[in-house]
Every structure is written in structure tokens, then in C-alpha cells.
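Survey of secondary and tertiary structure
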Amino acid sequence: MDVDRAAAARLREVFLGSGFTADGLLALLGASAYAALGRGEPVPARRALEGRHGTDAELVRLFVLGDAVPLAEAQRHLPLADLEAVGLITGASDVRAAVDVRPYGESDTDWYVVSDHGPDSAGHDTGEVAVDHVLGVGGASLTLARLTPRDPVGRALDLGTGCGVQALHLGRHAGSVVATDRNRRALRLAAATAALSGQEWDLREGSLLEPVAGETFDLVVSNPPFVISPGHRYTYRDAGLPADDLGRVLLQQLPARLEDGGTAVVLANWLHVRGADWRERVAGWVEGSGCDAWVAQREVQDPAEYVGLWLRDAGGTDDAAEHDRRYAEWLDELGDMDAEGVGFGWVVLHKGGTYGASGPRIEDVASFPRQPRGDEVAALVGARAGWATYDAFALISSTPRRAPRLRLVEEDRADALGRLEAMPPRLGLVDGWRPEVLLDAVGAHLVRSFDGTTTLAQAVESAAAVYDLDPDDVLPAALVAVRALVEDALLTLD
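In short, a report on the structure. (Residues numbered from 1 in each chain as written. Predicted model: local features only at pLDDT ≥ 70, side-chain atom pairs only at ≥ 80, totals over all residues. Heavy atoms only, no water.)

1. Let's talk about the overall build of the chain
Regarding its fold elements, the chain presents 20 helices and 20 strands. Principal-axis analysis of the C-alpha atoms gives the chain an extent of 90 × 55 × 50 Å. Going through the 494 residues of the chain one by one, you find that 50% of them count as buried. Put simply, of all contacts in the chain between residues at least 6 apart along the chain, 69% involve residues at least 24 apart. Carbon together with sulfur atoms contributes 50% to the accessible area of the chain, which is approximately 21,600 Å² in total. Side chains of the chain give 46 positive and 76 negative charges; the mean places of these two sets differ by 4 Å. (Helix = DSSP H or I, 4+ residues; strand = E, 2+ residues; numbered from the N terminus. Buried < 20%, exposed > 50% of the residue type's maximum accessible area, 1.4 Å probe, protein only. Contact = heavy atoms within 4.5 Å. Areas by Shrake-Rupley, 256 points an atom, 1.4 Å probe, with all protein chains shown as cover. Lys, Arg positive; Asp, Glu negative; His and termini not counted. Charge placed at Lys NZ, Arg CZ, Asp CG, Glu CD.)

Here's what the structure looks like:
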């Protein structure tokens, strides 16, 4: 998609030089007003800018607050020709933002995300969004960015790029980035995002994996239009496929687009169908794929909650009767599917793991302490990938090692009478994203033994001697426990 890259490069210099960055906004507005913006409350920020003029202040008024800037002020402080060349402004007597331009980045770099104004954007009473609306940075995109492993890779694919949030992150650790979308407007805005952020991507138009037919990638990320909805009203959210077929179709097609050793991280919705286990339904999406798979459910919403969320997301209609009609139509469709709820989460595929060893890992992580980071996802994928060389005999002679930051908690607690009582040992990582694992005394003894030099067989012999047990009785449970701890990345195998 064409964008005036020379004008965008000049704008980037102006933005950076004037402090129109995430850190610059905090410094300009102050902590209170900055926090209020995050809650969708622009008044404190407007008050903080009262009487202040300059490039930084006018850029915030224009793009963050959505306010019109008088032409005289705009001519004095803003590079209007370049802003117009990149398609960021509109207006004659007053200058207005044609799109949302939001500072974004990581701790050591600054980017700019170009998207459409949301239905509740400050200064932009847009009402219901357009069919080809392009979302900015949101909760789902931040979730995916946090989950994605960041090891250096050769080729990366951002499938359904939207405004380009994932592609920005990929550009830091991938040799090349392909970004696709079926929405032509999204690709135009993604091109502006890339140019203003000093990156270049191979942007391609098309649905799902059609634009990359026959190609393979080391890493694929996707925040696709996964919403389970009637019809295809909005390109950014509605797949236009029956029920939750988008997730099934995408996950069944993805393995063919992965290099050996490649990884895909995909956000998805799935139905909770009356009388069926959601785990079994989603397992069918990944079985036979030739990939190791991890499915994690972060949240479940009942049908009414789900419909209300996505109706609000697209902006309300002033016609209350029309709103109620859409609400009822959507609930009826979910009812026809026997849907008791809708799950949201992620699926990680790894090509070249040991899928056949234990099948896909499918779990509910809603109660876990926090969401995993990309490095933690990579550790989990790597732990499962190593099972190809470890049958039971190999595991017996292996030398397990405690993972870095592993903490074994063994403590006594006083009962109501002040008597000390030993509590079950607990095992987990310091600041880990998973709940701690409860062990018995024998399991704790085994973990203490695993320093990378002691074999599992030796640890079993030691534990049996300490607790006066037969080693043959200890070994089966030890094999199961060690396997589970390795799969949770609490132990590693040298």
C-alpha cells in the first residue's frame, strides 16, 4: 500500500523531537491527567494544556484529544503539508485529525499507531463504526503482543494485521515481516503505522492464509476476526463463518504455513455447547495437525454478556428499537447453536514438537496469577518439544535440573492451639504465572535432589531410603510427577 514515506519520515522526526511519545505525554500532561485519559476521561488533559501552545501541545489536542486546532495555530506549530501528505488531517478553517495517531512503543523505542477513531474517542462522536473500521491498540492486541515469544526469527507473519500493532513488535526480532488483512483500509493505515514508526513490511490483501499460499514462516501471530456473530457486519471483528468455525479453519490450515520448528500464536473464541465439553471440541481443531498444541482459556462469558460487550464495542445506534432487534437476533443465533457461553483464549502451535506423546494441552487459566510472557510461552513450548527423545527408560537415566527462580516452600503452621503442623510442600517459580504445585514429602525430596547431576533413578533410590519405601513403588509416581513438572517448565532435562 502506497504511503508518502519521505513525508512520514519527516513527521517521525517532528513527533520525536517535540516529545510526542508515550513518555512525553506523561511529562506534558502529568500523571493524573494521563491516567484519566486511559479511563476515557479527556477533561483533565484539556485543563493541563490550557494556555500551552507548541508542537507537542497541538499534536496532543489534534490526535489524542480529538480537538480541532485553529488554522492559525496549526500553521504556526504543525507540519501541515506532511500531515496532509500522509493522510492524517482534514479540514479548512480548522484542522482536524482524519485518523487516530497514538504514541506507542517499548521501553527503548517509540512507534506511532494509525487507526480509526473509536465510537467513544475523545472529541469524535462517531456513533456506530463503519463496516471497514480499523481498531487501534486494544486489550486483545496487547494480550497477543505479551504472549508472543521474542526469540530472533527469519520470516514472521502477522495474519489480520489491522493497524499493525503485532507487526511493529515482530519488526524488532524478525528478519522480514509479512502482514495481511482482508480490509484494504486496514492495510492503508498499517502502511502509515509502519512508515511513521520507521519500519517496512510486506503488506498483502486477502482473507486468512490466501495471501501467503505456498509460503512458510518461522513465527505466525494472529488476532483474527474471531467474534461469533450473525452475518458479517464489521470486517475487524466478524468472520462471516458459521459459529466458531474461524478458529477451527485457521488452526487446521496454519501448520502447512509453519517451518519445521516454527510457532504460531493465535487468539480465538470457542463455543461452550450444551452437553459438550469445550476441551473436546477445541481439541478437534488441532488433532492430526502434526503440531504440538497448547490451548488456554482465559475467560468465559454467558451469551447475554458476550452480545452486550460486542454491541458496545461497535458503538451504539441511536435507534433503541434497532439496538434491541440486533441484540435479540444475536441471542437467538447463539441459542440455535445451543451455546451456554463463549470462551476466549489463545492457541499456541509448535511444529516439530512431540504431539503424539501426550496430545494437545488444553486448560483453563482464568484463575492463574497472571498471563504468561512470551519467554514463558517459549519455555513451555520448548519443554514439550523435548519429549521426542525421552521415553520412560530415557527419563529414568536423565538428570533433571530445577528451573531458574524455582522456589520450594516447606513450612509449619500453628493450629488454633498453637501446635505446629507441617503443611504440604509447594513448588512454583518466583513471580510465576502458574499457581504453585502441591507436592508430598517424597516429591519434595526428589525436587531437592534435581541439581542436574543426579539421575532420576538415583533420586528415587535416595527418597526410598529416607522414607523406608520400596524404590519400585516410588518410581511410577516419580515418572508421572517429573513429566508434569517438566511440561510446566519447573524442571529441565539436560
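2. Observations regarding a negative patch on the surface
On the surface, a cluster of negative charge is made up of E461, D470, D472 and D473. Along the chain, the position of D473 falls in helix α20 (residues 471–487). (Patch = residues over 30% accessible without salt bridge, like charges linked within 9 Å, V, L, I, M, F, W, Y side chains within 5 Å. Salt bridge = Lys/Arg side-chain N within 4 Å of Asp/Glu carboxyl O.)

3. Some points on the sheet that holds strand β3 (residues 94–97)
Within the open sheet, the 3 strands sit side by side as β1-β3-β2. Their pairing is antiparallel. Each end of this open sheet is capped by a strand with a single partner; those strands are β1 (69–70) and β2 (89–90). One ladder, built from 2 bridges, connects β1 with β3; its direction is antiparallel. Bridge pairing in β3 links P70 to D94. Packing of helix α5 (residues 55–64) onto the sheet brings it into contact with β1, β2 and β3, and relative to β3 it is tilted by some 60°. (Pairing = 2+ DSSP bridges. Axes fitted to C-alpha atoms, helices over the stretch in contact; angles between N-to-C directions.)

4. So, the packing of aromatic side chains
Applying the stated criterion across every chain yields a total of 14 aromatic pairs. Centre to centre, the rings of W294 and W433 are 5.6 Å apart; their planes meet at 55°, and the pair counts as tilted. Pair noted here: W294 is in strand β11 (residues 291–301) and W433 is in the loop between β18 (426–429) and β19 (437–438), with a separation of 139 residues, a long-range link. Given the relative accessible area of 3%, W294 is considered buried. Here the aromatic rings of Y306 and W330 are separated by 6.4 Å at their centres, their planes lie at 85°, and the arrangement is edge-to-face. Of this pair, Y306 sits in helix α13 (residues 303–313) while W330 is found in helix α14 (residues 320–336), placing the two residues 24 residues apart along the sequence. By relative accessible area, Y306 is classed as buried at 2%. (Phe/Tyr/Trp six-rings, centres within 6.5 Å; stacked < 30°, edge-to-face > 60°.)

5. A short note on helix α1 (residues 5–18)
In this model α1 runs 20 Å from its N-terminal to its C-terminal C-alpha over 14 residues, within 8% of the 20 Å that 1.5 Å per residue would give. Residues of α1 that are buried: A7, A8, L11, R12 and F15. Looking down the long axis of α1, one finds its buried residues gathered within 145° of arc, a one-sided arrangement. For α1, exposure combined with an orientation more than 90 degrees from the buried face picks out E13 and G17. Check the buried side of α1 and you find it contacts α5, α7 (80–85), β4 (100–106), β5 (109–115) and α10 (184–196). Between the side-chain oxygen of the N-cap and the backbone nitrogen of A6 there are 3.3 Å, and the N-cap of α1 in question is D4. (Expected span 1.5 Å × (residues − 1). Arc of directions from axis to C-beta. Polar contact = N/O pair within 3.5 Å; in protein donor to acceptor, adjacent residues only side chain to side chain.)

6. Brief notes about the environment of A35
In this fold, A35 is placed in helix α3 (residues 31–38). Taking the relative accessible area as the measure of exposure, A35 reaches 38% and is therefore partly exposed. Placed 10 residues apart in sequence, A35 and A45 show a C-alpha to C-alpha distance of 9.4 Å.

7. Concerning the pattern of salt bridges
For the structure shown, the criterion picks out 40 salt bridges. A salt bridge links D338 to R274; the shortest N-O distance between them is 3.4 Å. Of this pair, D338 sits in the loop between α14 and β12 (339–351) while R274 sits in the loop between β10 (258–273) and α12 (278–286), and the two are 64 residues apart along the sequence. Overall, D338 belongs to the partly exposed group, its relative accessible area being 38%. D375 is the salt-bridge partner of R373, the closest N and O atoms lying 3.0 Å from each other. Through salt bridges with shared partners, a single ionic network connects D292, R361, E363, R384, R434, R483, E487 and D488.

8. Points about unusual backbone geometry
In the Ramachandran plot, L208 falls in the positive-phi region, its phi being about 45° despite a non-glycine side chain. Position of L208 among the secondary structure elements: in the loop between β8 (202–205) and β9 (217–222). The backbone phi angle of D468 is positive, close to 55°, even though this residue is not glycine. Note on placement: D468 falls in the loop between α19 (456–466) and α20.

9. Some points on the nonpolar core
Across soluble globular proteins, you tend to see nonpolar side chains buried next to one another. Membership of the largest hydrophobic core comes to 116 residues, with the highest contact counts inside it found for F20, F63, L88, V101 and L349. What L88 contacts, discounting residues up to four positions off in sequence, is L11, F63, L83, R96, A97, A98, V99, V101, V114 and L196. Within the second largest apolar cluster, 23 residues are counted, among which are L395, F450, L456 and V482. (Core = buried A, V, L, I, M, F, W, Y, C linked by side-chain atoms within 4.5 Å.)

10. Focus: the sheet that holds strand β6 (residues 153–159)
Pairing in this open sheet of 8 strands is mixed, and the strands run β8-β7-β6-β9-β10-β12-β11-β13 from one edge to the other. Of all strands in the sheet, those bounded by a partner on one side alone are β8 and β13 (361–364). Each strand axis lies, on average, 20° off the axis of its neighbour in the sheet, ignoring direction.

11. Overview of α13
Taken residue by residue, α13 has P303, Y306, V307, G308, W310 and L311 as its buried positions. Summarising the contacts, the buried residues of α13 are in contact with β10, β11, α14 and β12. You can read the cap of α13 off the contacts: a side-chain oxygen lies 3.1 Å from the backbone nitrogen of A304, and it is on D302. Downstream of α13 by one or two residues, G315 has phi in the positive range, about 90°.

12. So, the layout of surface pockets
Reported here for the second largest pocket is a volume of approximately 410 Å³. Counting residues per element, the ones that place at least two in the lining of the second largest pocket are α16 (374–385), β18 and β20 (491–493). Among the elements that line the lining of the second largest pocket, the one with the most residues is α16, at 6 residues. (1 Å grid on protein atoms, 1.4 Å probe; cavity = no way out; pocket = protein on both sides within 12 Å on 5 of 7 lines; lining within 4 Å. Points joined across faces, edges and corners; volume = space filled by probe spheres on them.)

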